[in-house]
Amino acid sequence: MASAMIFHNEPLRNLLDGFHAERGFPGATAAIACDNGVLTAATGFADPDDGTPMTARSVMLQASVGKMYVGAVAMSLVQAGALEIDAPIARYLGDRAWFVRLPNGTNLTLRHLLNHSAGLHDYMHLPAFAPAAAALLSDPNIYHAPEALIDFILDHPPLFAPGEDFAYTDAAFLVAGLILEAVSGQTYYDLVRRLFLEPWQLRETFAANSRNIPGLVPGFRGPNPIGLPRRSMEGGLLTLHPGSEWTGGGWASTSADMARFTQRLLGGPDSRYRNAVIAWGQGATSPVAGTYGLGVLASDSTLGERYGHGGWTPGYRSDVHCYPDHGMSVAVMVNGDDPACASGDDLLAFGLRIATAAVEMGLVQRGGLNACLSA
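Since we're looking at a predicted model, the values are computed, not measured. (Residues numbered from 1 in each chain as written. Predicted model: local features only at pLDDT ≥ 70, side-chain atom pairs only at ≥ 80, totals over all residues. Heavy atoms only, no water.)

**Here's the deal with the sheet that holds strand β5 (residues 60–61)**
Worth spelling out the cut-off: The rule for pairing is simple: two strands pair if DSSP sees at least two bridges between them. Helix numbering and strand numbering both begin at the N terminus, where a helix is a DSSP run of H or I of at least 4 residues and a strand a DSSP run of E of at least 2. Should any heavy atoms of two residues lie within 4.5 Å, those residues are counted as being in contact. Only C-alpha atoms enter the line fits that serve as axes; for helices the fit covers just the stretch in contact. Angles between N-to-C directions range over 0 to 180 degrees.
A sheet is described by the order of its strands in space; here three strands give the open sequence β5-β9-β6, paired in antiparallel fashion. Either end of the sheet is taken by a strand with one partner, and the two such strands are β5 and β6 (205–207). In the sheet, β5 pairs with strand β9 (residues 251–253) via two bridges, with the strands oriented antiparallel. Following the sheet pairing, Met 60 is matched in β9 by Ser 253. With respect to the sheet, helix α8 (residues 188–197) is in contact with β6 and β9, its orientation differing from that of β9 by roughly 40°.

Written out as structure tokens, the structure reads:
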């Protein structure tokens, strides 16, 4: 699928138009990726304030969908022999001055970090983080480095012993990102580009480490307790620097690229990565019941098992899931975060609606796009 053909699709557009009419968010894009091509559609507005329409090539922030890239890099380094999934992480980070203060640190493995079973707190929910959050809001050019954010969880009692429960936390993925850079000698963003974006020709996926991201459309925020402005961008620049997210998310893309990445990673009749997600997974209680491993949530659906992730960041929501029994991955992105219009669960459910319709309408047949669609 490195040079997959991309087709705009009217039935998919009709589904997306209906979802837009039901929920009233500013705009959305969607894509269905199979091994032989991609169907795309867009609805609503990229910017309702000036009437700019959303297009299938509009770029939005992926948010926590980016955790799948972290797991993919980790798996690649494990397969290359540079990293061990069950080795103590002290082997890789034990020389850092803060490591002795990391909750559960001496007993943690990369597996614990990547399936949210490390027992670490989420720094964003700790009272001590409030001044750092205020600093981000006060100056759009400020962002916090990974180790500065990890500092907020140090010395806290662990939530549980490693591997004994599930607690979703970006902090674990920041620690994992430091490990990936330590063993490879490369930056995380360069690793993703070298291992996936370049060989898979994902040319509409961009690092979210700058206020200026190519093709990014503004996001629109609902009511929020911290007083963020309604628009996520002014003058073509983000008003909140995305750099703090790093390996907790860290990417922006089109729906087509997000679906293509997921299909290449998790699709196919015998995906080694999908098998590893199952083997290395941990029972998850959030966002939906299922198994979480390597930055991927595996859960049941009416179309069989699905594998993927959802994301939220101020002004944007995203969801992408692979349905391996039907040879497709479905991505949905919305440039609005008001849960009254579209929550994360709504996007997950709508993605399943798209996948179901694709099967029922014959858009996807025998694990690929219907050949007649390109005629």
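**Points about unusual backbone geometry**
This is how the line gets drawn: We call a residue buried when its accessible area falls under 20% of the maximum for its residue type, exposed when it is over 50%, and partly exposed in between, using a 1.4 Å probe and counting protein chains only.
The backbone of Asp 155 sits at a positive phi, close to 70°, despite the residue not being glycine. Of note in this structure, Leu 294 is not a glycine but carries a positive phi near 55°. Note on placement: Leu 294 falls in the loop between β11 (290–293) and β12 (296–299). Of the residues examined, Leu 294 reaches a relative accessible area of 2% and is grouped as buried.

**So, the nonpolar core**
Put simply, the rule is: What makes a nonpolar core is a set of buried Ala, Val, Leu, Ile, Met, Phe, Trp, Tyr and Cys residues whose side-chain atoms join them at distances within 4.5 Å.
Counting 91 residues, the largest nonpolar core has Leu 102, Leu 113 and Tyr 188 as the members making the most contacts within it. The leading source of residues in this core is helix α7 (residues 170–184), at nine residues. Residues contacting Leu 102, with those up to four places away along its chain left out, are Ile 89, Leu 108, Leu 120, Ile 150, Ile 153 and Leu 154. If you look at the next biggest cluster of nonpolar residues, it comprises 28 residues, including Ala 30, Met 328, Val 334 and Ala 342.

**Structural notes on the packing of helix α1 (residues 10–23) against helix α11 (residues 344–360)**
Think of two packed helices as two axes; the pair is described by the angle between the axes and how far apart they sit. How we decide: Comment on the angle field: the value is read as roughly parallel under 35 degrees, roughly antiparallel over 145, roughly perpendicular from 65 to 115, and oblique elsewhere. When the near helix sits turned anticlockwise from the far one by under a right angle, the crossing is termed left-handed; a clockwise turn instead gives a right-handed crossing. For this scheme, ten residues count as nonpolar: Ala, Val, Leu, Ile, Met, Phe, Trp, Tyr, Cys and Pro. Four count as charged, namely Asp, Glu, Lys and Arg, and the remainder, Gly too, count as polar.
Two elements in contact, α1 and α11, have axes separated by 11 Å at closest approach and are oriented at 150°. As the angle between them shows, α1 and α11 are arranged roughly antiparallel. The two elements α1 and α11 meet at a crossing, and its hand is right-handed. Between α1 and α11, the contacting residues are Leu 12, Leu 15, Leu 16, Phe 19, Glu 22 and Arg 23 on the first element and Asp 346, Leu 347, Phe 350, Arg 353, Ile 354 and Ala 357 on the second. Of the residues that constitute the contact of α1 with α11, the class distribution is eight nonpolar, no polar and four charged.

**With respect to helix α9 (residues 255–266)**
What counts here: To estimate the expected span of a helix, subtract one from its residue number and multiply by 1.5 Å.
Compared with the 16 Å implied by 1.5 Å per residue over 12 residues, the 16 Å span of α9 between its first and last C-alpha is a close match. Counting buried positions over the 12 residues of α9 gives 11, a clear majority of the element. A positive phi of about 85° marks Gly 268, the residue just after α9.

**Details of the pairing of strand β2 (residues 27–34)**
For β2, the buried fraction is high: eight of the eight residues fall into the buried class. Here β2 shows two buried faces, one formed by Gly 27, Thr 29, Ala 31 and Ala 33 and the other by Ala 28, Ala 30, Ile 32 and Cys 34. As defined by bridge partners, β2 adjoins strand β3 (residues 37–47) across eight bridges and the pair is classed as antiparallel. Residue Ala 28 lies in a different strand from β3, and its bridge partner there is Thr 43. The hairpin turn running from β2 into β3, its antiparallel successor, is two residues long. When β2 meets strand β15 (residues 328–334), the two strands line up antiparallel, connected through six bridges.

**So, the environment of Leu 15**
Looking at the element boundaries, Leu 15 is found in helix α1. With a relative accessible area of 21%, Leu 15 lands in the partly exposed category. In this structure, the C-alpha to C-alpha distance between Leu 15 and Val 192, residues 177 residues apart in sequence, is 33 Å. Once you skip the residues sitting within four places of it in the chain, Leu 15 turns out to touch Phe 350, Ile 354, Ala 357 and Met 361.

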